[in-house]
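# Analysis of the macromolecular model
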Amino acid sequence: MLRSTLLLCALAAFSAAQEPIAPHSAIEPPAAKDAASLSASTKASPQDLLTTGEKTGWTLTAPYAEAVDISHRLEKASSFVKVLNIGATPEGRTMIALVVSKDRAFTPEAAAKTNKAVIMIQSGIHAGEIEGKDTVLMLVRDMAVTKKLASWLDKAIFVIIPVFNVDGHEYFSPYHRPQQNGPRDTGLRNTAQRLNLNRDYVKADTPEMRAWLHIFNTWNPDFLIDNHVTDGSDMQYDVTWDMARNQDIAEPAGAWVRDRFVPELDKRMAADGHLVAPYGALRNVNGKPEFFMEVFTPRYSHLYTAVQDRPSLLVETHSLKAARTRAWANYDIMRHSIDIITADPEALRAAVRQADEEMAARAGDRSAAPVYLAGRVSSDKSHPLVYLALKRGQVQSEVTGAMTNPYIAEKEDIQTVIHDQIDTTLEAQMPLGYLIPSAFKEIADILALHGVEMERTAKPLTQEFETYRFSNIVWAGSPNEGHIGLNSFDSRLVKEKITIPAGSYWVPMKQRRARLIL
């Protein structure tokens, strides 16, 4: 008995010694102490609709079953909520979405008849970055049960996915996000197939993404919010964001983002005590720090929606801030975004429709401007910015005893510039359409997943067509997500006499998804 007791004590001591060291930010926003909006939502909630995050002070998060259970409880509590089964994961778990509609417009067709804005929100695409799972359920509760945010439903319909990467979410461990300040256990960044869903929007390799594409391309939301947690240097900011707002989204949707949405969002967040910045990083330029945004491609959520002319908000709370601070920032940035949209939903919907029309109108127009396909952040276009950083200090390491150089609780407001514009590196004229030979059916199948309209040719076509010829091709040195990419290439447009077999695919560009097709 004594030997067994000693063994258990030794195992307990070993287990305690192996607990990850909790990282933390050197500074938290003063308003995070109260987190007024978050606390008010929790206080107003019925007990059976509280999440584990709320009940544990955001130190823990629950398995996926809780999100499903609360979703169905919300459905029972309100006739405005409908839970949809939207697909199955590779490990056989059911993916769900909640539709919230005062009109009970629980299908895309019914929603379209209301002429209301459709807002889509997703969390847990990277399942370790998980506060958004709880906060989106809180928003549904506040809309449909406690009615704190019920006025939104007069102007909008919501499609909400609480956890996108369901299989990855269930691989709980305290070691998956060691650089993150809680919750104690989280899931994986990637899926059970070890693929990154936020790199899969165009290629659509995963069953999860194919399910998402069906939802997106049938509901055709006007706006998407994608909730994440970022890593990197410590800073004063509690949340950063990114949105397509340059050539990477068609006008006038881009103008709506730049002129109406972003300035108002920053103003409202600041009024609630948040410190907000665009997503990006400082770089050394001639010995001085300058801030550069990142240029994304449509393999990411917010640029995939952008090539479909829909604005999207990428939310990035910071991993070093307390989990409760992150939840508060996540709740508020969604709340203020929806407030802005529902204050004038027709402004957003009109911008999206006009962007669709203007892009489709370029099809086959030789005089139309070419369409942006790729770019890099501009090095010579910038404007002033005060970047809210933290200073570093000399501290003795608890682990090694050596002196280290961590961030300290002392603000450093850096007078610098922000580079948030894009220089185009690749563009192309919009053709009238594309012909895909029948032998390349897999390309047509992928286009169909994206909701692209096309038709089959009834007979062979032999005539002169325009086509591209590629040269100086440099392949990537290693695969990524099971594919070999191209690092660079040259292309030239030529006219050639080609025979296209019967049963091939005609893809007209005079359609809403013209830019995505291109």
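Since the structure is predicted, the reported quantities are computational estimates derived from the model, not experimental observations.

Quick notes on the rules
Residues numbered from 1 in each chain as written. Predicted model: local features only at pLDDT ≥ 70, side-chain atom pairs only at ≥ 80, totals over all residues. Heavy atoms only, no water. Helix = DSSP H or I, 4+ residues; strand = E, 2+ residues; numbered from the N terminus. Expected span 1.5 Å × (residues − 1). Buried < 20%, exposed > 50% of the residue type's maximum accessible area, 1.4 Å probe, protein only. Contact = heavy atoms within 4.5 Å. Axes fitted to C-alpha atoms, helices over the stretch in contact; angles between N-to-C directions. Parallel < 35°, antiparallel > 145°, perpendicular 65-115°, else oblique. Left-handed = near helix turned anticlockwise from the far one by under 90°. Nonpolar A, V, L, I, M, F, W, Y, C, P; charged D, E, K, R; others polar. Pairing = 2+ DSSP bridges. Core = buried A, V, L, I, M, F, W, Y, C linked by side-chain atoms within 4.5 Å. Salt bridge = Lys/Arg side-chain N within 4 Å of Asp/Glu carboxyl O. Patch = residues over 30% accessible without salt bridge, like charges linked within 9 Å, V, L, I, M, F, W, Y side chains within 5 Å. Areas by Shrake-Rupley, 256 points an atom, 1.4 Å probe, with all protein chains shown as cover.

## A word on helix H12 (residues 345-360)
Think of an α-helix as turning once every 3.6 residues; residues three or four places apart then point the same way. In this model, H12 (16 residues) spans 23 Å end to end at C-alpha, consistent with the 22 Å of a helix rising 1.5 Å per residue. All of the buried residues along H12 are Pro345, Ala347, Leu348, Arg349, Ala350, Ala351, Val352, Ala355, Asp356, Met359 and Ala360. Against strand S3 (117-122), strand S5 (223-230), helix H9 (253-271), helix H11 (323-343), strand S11 (371-377) and helix H14 (514-517) lie the buried residues of H12.

## Some points on the packing of H9 against H11
Two elements in contact, H9 and H11, have axes separated by 10 Å at closest approach and are oriented at 135°. The orientation of H9 with respect to H11, classified from their angle, is oblique. For H9 against H11, the interelement crossing comes out right-handed. Contact residues: H9 offers Trp256, Phe261, Glu264, Leu265, Arg268 and Met269, while H11 offers Ala329, Asp332, Ile333, His336, Ser337, Asp339, Ile340 and Ile341. Class assignment of the residues belonging to the contact of H9 with H11 gives a composition of 8 nonpolar, 2 polar and 4 charged.

## Examining the sheet that holds strand S21 (residues 505-508)
Taken in spatial order, the 3 strands line up as S17-S21-S18 in an open sheet, and their pairing is antiparallel. Looking at strand neighbours, the two that pair on one side only are strand S17 (433-436) and strand S18 (455-456), the edges of this open sheet. Sheet topology note: the S17/S21 ladder contains 4 bridges and is antiparallel. Looking across to S21, one finds that leucine 435 is bridged to tryptophan 506.

## Observations regarding the nonpolar core
For soluble globular proteins, nonpolar side chains are generally found buried alongside one another. Counting residues in each nonpolar core, the largest one holds 90 residues, and the members touching the most others are Phe158, Trp212 and Leu313. Excluding anything up to four places from it in sequence, leucine 313 contacts Phe223, Leu224, Ile225, Asp226, Trp241, Asp242, Met243, Phe261, Leu265, Ile333 and Ser337. In terms of nonpolar packing, the next biggest core, distinct from the first, is built from 24 residues, Leu314, Ala355, Val507 and Met509 among them.

## A closer look at the pattern of salt bridges
For the structure shown, the criterion picks out 30 salt bridges. One salt bridge in this structure joins glutamate 410 and lysine 391, with 3.1 Å as the shortest N-O distance. Residue glutamate 410 is found in strand S15 (residues 407-419), and its partner lysine 391 is found in strand S12 (residues 383-392); the two are separated by 19 residues along the sequence. What makes glutamate 410 partly exposed here is its relative accessible area of 39%. Connected via shared salt-bridge partners are Glu129, Arg177, Arg189 and Asp231.

## With respect to the sheet that holds S5
Strand order in the open sheet formed by 8 strands is S1-S2-S4-S3-S5-S10-S6-S7, with mixed pairing between adjacent strands. The sheet is open, and its two borders are formed by strand S1 (81-88) and strand S7 (276-278), each paired with just one other strand. If you compare each strand with its neighbour and ignore which way they point, the axes differ by 25° on average. Bridge count for S1 against strand S2 (residues 94-100) is 7 bridges, and the pairing is antiparallel. The partner of glycine 87 across the bridge, within S2, is methionine 95. Each of S3, strand S4 (156-161), S5, strand S6 (239-242) and strand S10 (312-318) is contacted by H11, which is oriented at about 160° to S10, the strand it contacts most.

## With respect to a nonpolar patch on the surface
Side chains of Leu373, Leu426, Tyr468, Phe470, Ile473, Trp475, Ile484, Leu486, Phe489 and Leu493 sit close together on the surface and give an oily, nonpolar patch of about 920 Å² of accessible area. In terms of residue count, strand S19 (residues 461-475) provides more of the nonpolar patch than any other element does, 4 residues in total. Looking at where isoleucine 473 falls in the secondary structure, it is placed in strand S19. The exposure class of isoleucine 473 is partly exposed, given its relative accessible area of 40%.

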